[in-house]
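# Geometric and topological summary
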Amino acid sequence: MALSTLAWAQKIDQPTKAKNSSDKALLVKSDAAELEAKKKAAAEEKAKMPKPYDAKADAQADINKLIAQAKKEGKNIMIQAGGNWCIWCLRFNQYVQTTPELKKIVDENYLYYHLNYSPDNKNEKVFAQYINLNEQQFYPFFIILDQNGKKIHIQQSDVLEDGKGYSLEKTKAFFNQWAPKS
């Protein structure tokens, strides 16, 4: 009995296989077609969005100017790290810019900067001031500086996601948590 149970268990655990090579080809073709359709949709979505990252910018000079401005205005600095190649980076920017409630929080509390990371300009010296370059980063991520330019928080964006976008409540809570304290 134990032997027949073992044989039965092994039979169930085996993955189902395509019956012949044409079945396998159909599976591969439909997966490839679905992947191509997703790539095309993402490319179309990206094409419609603003491109806030500038690979040619002198990021260190820009951040230095923001620190001087932040001291005068009593704001923190929100650095969104990523690139125009990153659909999630573009989605986040679009979401904040087109959601009045979020835009208001950002405008009142932060100076916002898009720190480029791309093959054209990895900004390694700038990033090295805030993160360990040897650790895997997922884009976008956020570096929050106080009005004196001191790093106060690093935030990954995946915790703010909701489906193919971002959660209003989570994003609002994130922005409010790191806003300057009066």
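Residues numbered from 1 in each chain as written. Predicted model: local features only at pLDDT ≥ 70, side-chain atom pairs only at ≥ 80, totals over all residues. Heavy atoms only, no water.

Where helix α4 (residues 87-98) contacts helix α5 (residues 100-109), the axes come no closer than 5 Å and their chain directions differ by 90°. Relative to α5, the element α4 is oriented roughly perpendicular. Between α4 and α5, the residues in contact are Y95, V96, Q97 and T98 and P100, L102, K103 and V106, respectively. Residues that form the contact of α4 with α5 fall into these classes: five nonpolar, two polar and one charged. (Axes fitted to C-alpha atoms, helices over the stretch in contact; angles between N-to-C directions. Helix = DSSP H or I, 4+ residues; strand = E, 2+ residues; numbered from the N terminus. Parallel < 35°, antiparallel > 145°, perpendicular 65-115°, else oblique. Contact = heavy atoms within 4.5 Å. Nonpolar A, V, L, I, M, F, W, Y, C, P; charged D, E, K, R; others polar.)

We now examine the side chain of N109. Tracing the chain through its elements places N109 in helix α5. If we ignore the near neighbours within four places in the chain, the residues touching N109 are K75, N76, A179 and P180.

As a further point, take the pairing of strand β2 (residues 110-116). With seven of seven residues buried, β2 lies mostly within the body of the structure. Side-chain alternation along β2 places Y110, Y112, H114 and N116 on one buried face and L111, Y113 and L115 on a second face that is also buried. The pairing of strand β1 (residues 76-82) with β2 spans seven bridges and is classified as parallel. Residue pairing for β2: G82 is matched across the bridge by N116. (Buried < 20%, exposed > 50% of the residue type's maximum accessible area, 1.4 Å probe, protein only. Pairing = 2+ DSSP bridges.)

Formed by 23 residues in total, the largest nonpolar core has its most connected members in I63, I77, I79 and Y113. Breaking this core down by element, the ones donating at least two residues are α3 (59-73), β1, β2, α6 (124-128) and β3 (141-145). Here the element with the most residues in this core is α3; it accounts for five residues. I79 has contacts with I63, Y113, L115, F141, F142, I143 and L145, leaving out every residue within four places of it along the chain. In this structure, I105, Y110, Y112 and I144 belong to the second largest nonpolar core, which totals 17 residues. (Core = buried A, V, L, I, M, F, W, Y, C linked by side-chain atoms within 4.5 Å.)

Counting across every chain of the model gives eight salt bridges. Residues joined by salt bridges that share partners form a network here, namely E101, E169 and K172. (Salt bridge = Lys/Arg side-chain N within 4 Å of Asp/Glu carboxyl O.)

Taken together, the four strands give an open sheet; going across it, the order is β2-β1-β3-β4, and neighbouring strands pair in mixed fashion. In the strand order of this sheet, the two ends are held by β2 and β4 (151-156), each with one partner. Direction aside, the axes of adjacent strands within the sheet are offset by 20° on average. Packed on one face of the sheet, α3 meets β1, β2 and β3 and runs near 170° to β2. Strands in contact with α4 are β1, β2 and β3; relative to β1, the strand with the most contacts, it is inclined by about 145°.

Take α3 next. Taking 1.5 Å as the rise per residue, α3 with 15 residues should run 21 Å; its terminal C-alpha atoms sit 20 Å apart, in good agreement. Taken together, the buried positions of α3 are occupied by A59, I63, L66, I67 and A70. On an axial view of α3, the arc spanned by its buried residues comes to 105°, and they lie on one face. Opposite the buried face of α3, by more than 90 degrees, sit the exposed residues K65 and K72. Check the buried side of α3 and you find it contacts β1, β2, α6 and β3. (Expected span 1.5 Å × (residues − 1). Arc of directions from axis to C-beta.)

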